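Here's the letter readout for the chains.
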Amino acid sequence: MADIIVLDDVIDAGVLIKRILERKGHAVSVFTDEEEAIAHVRGKGADLAILDMKLRRMTGVEVLEEMKKLRPDIRVIMLTGYPTLETARESLRLGANEYCVKPIDKDELESKVAEVLGG
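Because the structure is predicted, anything quoted here is derived from the model rather than measured. (Residues numbered from 1 in each chain as written. Predicted model: local features only at pLDDT ≥ 70, side-chain atom pairs only at ≥ 80, totals over all residues. Heavy atoms only, no water.)

A.B. asks: Could you give me a rundown of the packing of helix H1 (residues 11-22) against helix H5 (residues 106-116), with the residues and numbers involved?
C.D. replies: Packing of H1 against H5 brings their axes to within 10 Å, and their N-to-C directions diverge by 65°. As for how H1 packs across H5, the hand of that crossing is right-handed. Side by side, H1 and H5 meet where Ile17, Ile20 and Leu21 of the first sit next to Lys106, Leu109, Glu110 and Val113 of the second. Taken together, the residues that form the contact of H1 with H5 break down as 5 nonpolar, no polar and 2 charged. (Axes fitted to C-alpha atoms, helices over the stretch in contact; angles between N-to-C directions. Helix = DSSP H or I, 4+ residues; strand = E, 2+ residues; numbered from the N terminus. Left-handed = near helix turned anticlockwise from the far one by under 90°. Contact = heavy atoms within 4.5 Å. Nonpolar A, V, L, I, M, F, W, Y, C, P; charged D, E, K, R; others polar.)

A.B. asks: Give a detailed account of the pattern of salt bridges, specifying residues and quantitative values.
C.D. replies: Note on pairing: side chains with opposite charge can pair once their charged atoms come close. Taken as a whole and assessed by the stated rule, the structure comprises 11 salt bridges. Across the salt bridge formed by Glu66 and Lys69, the nearest N and O atoms sit 3.1 Å from each other. Of the two residues, Glu66 and Lys69 are both situated in helix H3 (residues 60-70); the distance of 3 residues between them amounts to about one turn of the helix. Here Lys106 and Glu110 are joined by a salt bridge, their closest N and O atoms 3.1 Å apart. In this pair, Lys106 and Glu110 are both assigned in helix H5, 4 residues apart and thus about one turn of the helix distant. The exposure class of Glu110 is buried, given its relative accessible area of 15%. (Salt bridge = Lys/Arg side-chain N within 4 Å of Asp/Glu carboxyl O. Buried < 20%, exposed > 50% of the residue type's maximum accessible area, 1.4 Å probe, protein only.)

A.B. asks: Quick rundown of the UniProt feature "modified residue: 4-aspartylphosphate" (unreviewed entry) in the chain? Include the residues and the values.
C.D. replies: If you check UniProt for "modified residue: 4-aspartylphosphate" (unreviewed entry), the listed places come out as Asp52 in our numbering. By secondary structure assignment, the location of Asp52 is in strand E3 (residues 48-52). Overall, Asp52 belongs to the buried group, its relative accessible area being 4%. (UniProt positions renumbered as here; feature names shortened; annotations may be inferred.)

A.B. asks: Can you tell me about unusual backbone geometry, naming the residues and giving the values?
C.D. replies: Residue Pro103 is bonded to the preceding Lys102 through a cis peptide linkage, with omega at -5°. Relative to the helices and strands, Pro103 is located in the loop between strand E5 (98-101) and H5.

A.B. asks: Hey, could you go over the pairing of strand E4 (residues 75-80) for me, with residue numbers and the actual values?
C.D. replies: For E4, a buried count of 5 out of 6 residues is recorded, marking the element as mostly surrounded by other parts of the structure. Note: E3 against E4, 5 bridges, orientation parallel. Paired with Leu48 across the strands is Arg75, a residue of E4. Each parallel crossover has a hand, and for E4 linked through helix H4 (residues 85-93) to E5 it is right-handed. (Pairing = 2+ DSSP bridges. Right-handed = clockwise from strand over helix to strand, strands pointing away.)

Quick look at the structure:
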């Protein structure tokens, strides 16, 4: 199964995603700090990053850019509670594979993760 990182400024949101995806057999690490998440990707890598758009010090798009520089093959799903066409386009342009709207729908998350991971 996949090694997945979740970055969300709200720990409960990250833990919810972790619970859903661990039931599917994935290894999930949750972060609330952008630098820690980027350091994890730099050091250990990940198959998939699930990034919230609204973070504490950076935007999800900025984190996406940093992670893609470190690991061009990392797959990314962006999360947002405030969907706009502009943020969706920007995310996809920078290499995000998919886009999920909060509140997280369990079935939608599971299917998008499976799709992005190629299964």
